[in-house]
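Here are the chains, one letter per residue:
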Amino acid sequence: MTQEICKPGFERVAEAFVENLQKNGEVGASVCVTVDGETVVDLWGGIADPKTGAAWEADTVSVVFSCTKGATALCAHVLASRGQLDLDAPVVELWPEFGQNGKEHVTTRMMLDHSAGVPALRARLKDSGPYDWDHMTGLLAAEQPFWQPGTRNGYHGFTFGWTVGEMVRRASGKPLGTFFRQEIAGPLGLDFWIGLPEAIEPRVAPILAYPLKAEDAKTPFLRDLATDKQSIPFLFYMNVGAWRAGGANTRAGRAAEIGAANGVTNARGLAGMYQPLANGGGSLVDATTLARMGEVSMATHDDATLRIPTRFALGFMKSMDNRKRSVGAKLFGEDVDSVILGSAAFGHVGAGGSLGFADPAAGLSFGYTMNQMGPGILMNKRGQSLVDATYQSLGYRSKDGGVWIR
């Protein structure tokens, strides 16, 4: 059985993890940190399934929602590093059907940085839609963009899985989940799937939703969601077929390949995926590709979907400090519109607060997963406290400038 790890100097990470379980509403969770390729923290605890009382074990996994985007983006970058996918070429060179209704000049770069203009689907999606790859790619190929592609960004929260995922499929000749398993998760020995095998189901911790109430609709995102059924926030969040009604806790929802939302792993899997990227790229990507992966590609003061300021690299989130203008912080009593990392770091938050990232400047990779979702759009205090403790353990002294600095 895998043993828990907390190397000397990282005790404050363990302390924050325990405090989350004892005082901050954590139910079950895992956290993993590697530095210069060495695992310095690997902890888990709490309850995996409150209905049965089953404990969160070393091999417990859960749906990590948008942390999956980091895995999907990495697939695209691996192909780019191999010369099989040109991120700046028109998408229509590989996917001719996508070049409809003003999308003729969309590039994979635009898909990766959320500027492609298709953050949602307008037509009502059938329940089984998200579980049918060809159906989803067909709808996205025909969709009219919400803005001129490349001119602004809006988080492609659900559609990213099929826009970028279809480019991976066409460039590699393999389904997204197969490519990820064979080229990334398998070689790295990760407990991480996009499209979960049935044999792994007994190890999955069910997701516990955060109970939003009608009176919470005060942030720009929640207000749009509650009042305008034609808005991008509403269509992104609600028009997702059966996935909306607890799809993460169903066999069909976990078995499908939803490259934006249904990856299944634990903290060890997230930290393990980012570990090569924190240390030169390993066998995954070359140095040029790795440098490009961490650069800000698109930023805005008003994301068309999330309705907050956002900063994105190509498929990854960068540090986003919205603490001084967070409506969500006033509503929920904690900052929920930010994720504060080192300036070189790139990774992805998942709905409810999970997180995986690499920080090449620190040789750091980090993973955090949980079953109890928290409020808001980005991180909540549970996950951010673990990030903060990690950077403090490495001698970083301040995040007052919106990124952790030494």
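Remember, predicted model here, so these are calculated numbers, not experimental data.

(A) Examining the packing of helix H2 (residues 67-81) against helix H6 (residues 176-188) more closely. The interhelical angle for the contact between H2 and H6, taken along N-to-C directions, is 70°, at an axis separation of 10 Å. The orientation of H2 with respect to H6, classified from their angle, is roughly perpendicular. With respect to the hand of their crossing, H2 and H6 are arranged in left-handed fashion. The segment H2 lies against H6, with Ala71, Thr72, Leu74, Cys75, Val78 and Leu79 engaging Leu176, Phe179, Phe180 and Ile184. For the contact of H2 with H6, the residue count by class is nine nonpolar, one polar and no charged.

(B) Fine view of unusual backbone geometry. Here phenylalanine 65, not a glycine, exhibits a phi torsion of approximately 50°, which is positive. Positionally, phenylalanine 65 belongs in the loop between strand S5 (62-63) and H2. For phenylalanine 65, a relative accessible area of 12% translates into the label buried. Despite not being glycine, histidine 114 shows a phi value in the positive range, around 70°. Relative to the elements of secondary structure, histidine 114 occurs in the loop between helix H3 (108-112) and helix H4 (133-142).

(C) Focus on the packing of aromatic side chains. If you walk through the whole model with that rule in mind, you get 17 aromatic pairs. Ring centres 5.1 Å apart and planes at 65° place the aromatic pair phenylalanine 316 and phenylalanine 346 in the edge-to-face group. Taken together, the residues phenylalanine 316 in the loop between strand S8 (310-312) and helix H12 (327-332) and phenylalanine 346 in strand S9 (residues 346-349) connect sequence positions 30 residues apart. The residues phenylalanine 316 and phenylalanine 346 share a single accessibility class, namely buried. Members of the aromatic cluster, connected to one another through ring pairs, are Tyr155, Phe221, Phe236, Tyr237 and Phe312. Lying across the ring of phenylalanine 98, lysine 103 places its NZ or CZ 4.8 Å from the centre. Note that arginine 122 overlies the ring of phenylalanine 146, its terminal NZ or CZ placed 3.7 Å from the centroid.

(D) Empty space enclosed by the protein, seen in detail. Applying the stated criterion across every chain yields a total of two cavities of 30 Å³ or more. Approximately 50 Å³ is the volume found for the largest cavity. Forming the walls of the largest cavity are Pro119, Ala120, Leu121, Leu125, Met136, Phe158, Thr159, Leu235, Phe236, Asn239 and Val240. Grouping the constituent residues of the lining of the largest cavity by class yields nine nonpolar, two polar and no charged. Taken together, Ser30, Asp42, Leu43, Trp44, Trp56, Glu57, Ala58, Asn266, Ala267 and Arg268 make up the full set of residues lining the second largest cavity.

(E) Quick look at the environment of lysine 318. Mapped onto the secondary structure, lysine 318 falls in the loop between S8 and H12. Residue lysine 318 is classed as buried on the basis of its relative accessible area of 3%. For the pair formed by lysine 318 and phenylalanine 346, sequence separation is 28 residues and the distance between their alpha carbons is 5.1 Å. Apart from residues no more than four positions distant in its own chain, lysine 318 is found in contact with Gly294, Val296, Arg311, Phe312, Ala313, Val339, Ser343, Ala344, Ala345 and Phe346. For lysine 318, the side chain forms a polar contact with the main-chain oxygen of alanine 345, separated by 3.1 Å.

(F) Representation of the layout of surface pockets in the model. Quantified by volume, the largest pocket comes out at close to 1100 Å³. In this structure, the largest pocket is lined by 46 residues; those nearest its centre are Leu212, Tyr237, Arg244, Ala351 and Met373. Going through the elements one at a time, helix H7 (220-227), helix H8 (232-238) and H12 are the ones with two or more residues in the lining of the largest pocket. Here the lining of the largest pocket gets four residues from one element, more than from any other, and that element is H7. Partitioning the lining of the largest pocket into residue classes produces 31 nonpolar, eleven polar and four charged. A volume near 230 Å³ is recorded for the second largest pocket. Surrounding the second largest pocket, 13 residues form its lining, Arg124, Leu125, Phe234, Met238 and Asn239 being those nearest its centre.

(G) Quick look at the pattern of salt bridges. This model, assessed by the stated rule, comprises 18 salt bridges. Where glutamate 143 meets arginine 122, a salt bridge forms, and the shortest distance between an N and an O atom there is 2.5 Å. Of this pair, glutamate 143 sits in the loop between H4 and helix H5 (160-172) while arginine 122 sits in the loop between H3 and H4; the two residues are 21 residues apart in sequence, bridging distant segments of the chain. Residue classification places glutamate 143 among the buried positions, given a relative accessible area of 9%. With relative accessibility at 38%, the residue arginine 122 sits in the partly exposed group. The partner of aspartate 191 in a salt bridge is arginine 203, with the nearest N and O atoms 2.8 Å apart. Taken as a pair, aspartate 191 in the loop between H6 and H7 and arginine 203 in the loop between H6 and H7 lie far apart in primary sequence, twelve residues in all. Salt bridges here are not isolated pairs; linked through shared partners, they connect Glu97, Glu166, Arg169 and Arg170.

(H) Spatial organisation of the side chain of histidine 348. Structurally, histidine 348 can be placed in strand S9. Within the structure, the side chain of histidine 348 is placed 3.2 Å from the backbone oxygen of serine 66, a separation counted as a polar contact.

(I) Layout of the nonpolar core. With 73 residues, the main nonpolar core has Met111, Phe180, Trp243, Met273 and Leu277 as its most contacted residues. Broken down by secondary-structure element, the contributors of at least two residues to this core are H2, H3, H4, H5, H6, helix H10 (267-274) and helix H11 (287-293). Considering every element that reaches this core, the biggest residue donor is H2, with nine residues. Apart from residues lying up to four places away in sequence, tryptophan 243 is in contact with Val63, Phe65, Pro130, Tyr131, Phe158, Ala248, Gly253, Ile258, Ala261 and Asn262.

Definitions and limits used
Residues numbered from 1 in each chain as written. Predicted model: local features only at pLDDT ≥ 70, side-chain atom pairs only at ≥ 80, totals over all residues. Heavy atoms only, no water. Axes fitted to C-alpha atoms, helices over the stretch in contact; angles between N-to-C directions. Helix = DSSP H or I, 4+ residues; strand = E, 2+ residues; numbered from the N terminus. Parallel < 35°, antiparallel > 145°, perpendicular 65-115°, else oblique. Left-handed = near helix turned anticlockwise from the far one by under 90°. Contact = heavy atoms within 4.5 Å. Nonpolar A, V, L, I, M, F, W, Y, C, P; charged D, E, K, R; others polar. Buried < 20%, exposed > 50% of the residue type's maximum accessible area, 1.4 Å probe, protein only. Phe/Tyr/Trp six-rings, centres within 6.5 Å; stacked < 30°, edge-to-face > 60°. Lys NZ or Arg CZ within 6 Å of the ring centre and 35° of its normal. 1 Å grid on protein atoms, 1.4 Å probe; cavity = no way out; pocket = protein on both sides within 12 Å on 5 of 7 lines; lining within 4 Å. Points joined across faces, edges and corners; volume = space filled by probe spheres on them. Polar contact = N/O pair within 3.5 Å; in protein donor to acceptor, adjacent residues only side chain to side chain. Salt bridge = Lys/Arg side-chain N within 4 Å of Asp/Glu carboxyl O. Core = buried A, V, L, I, M, F, W, Y, C linked by side-chain atoms within 4.5 Å.

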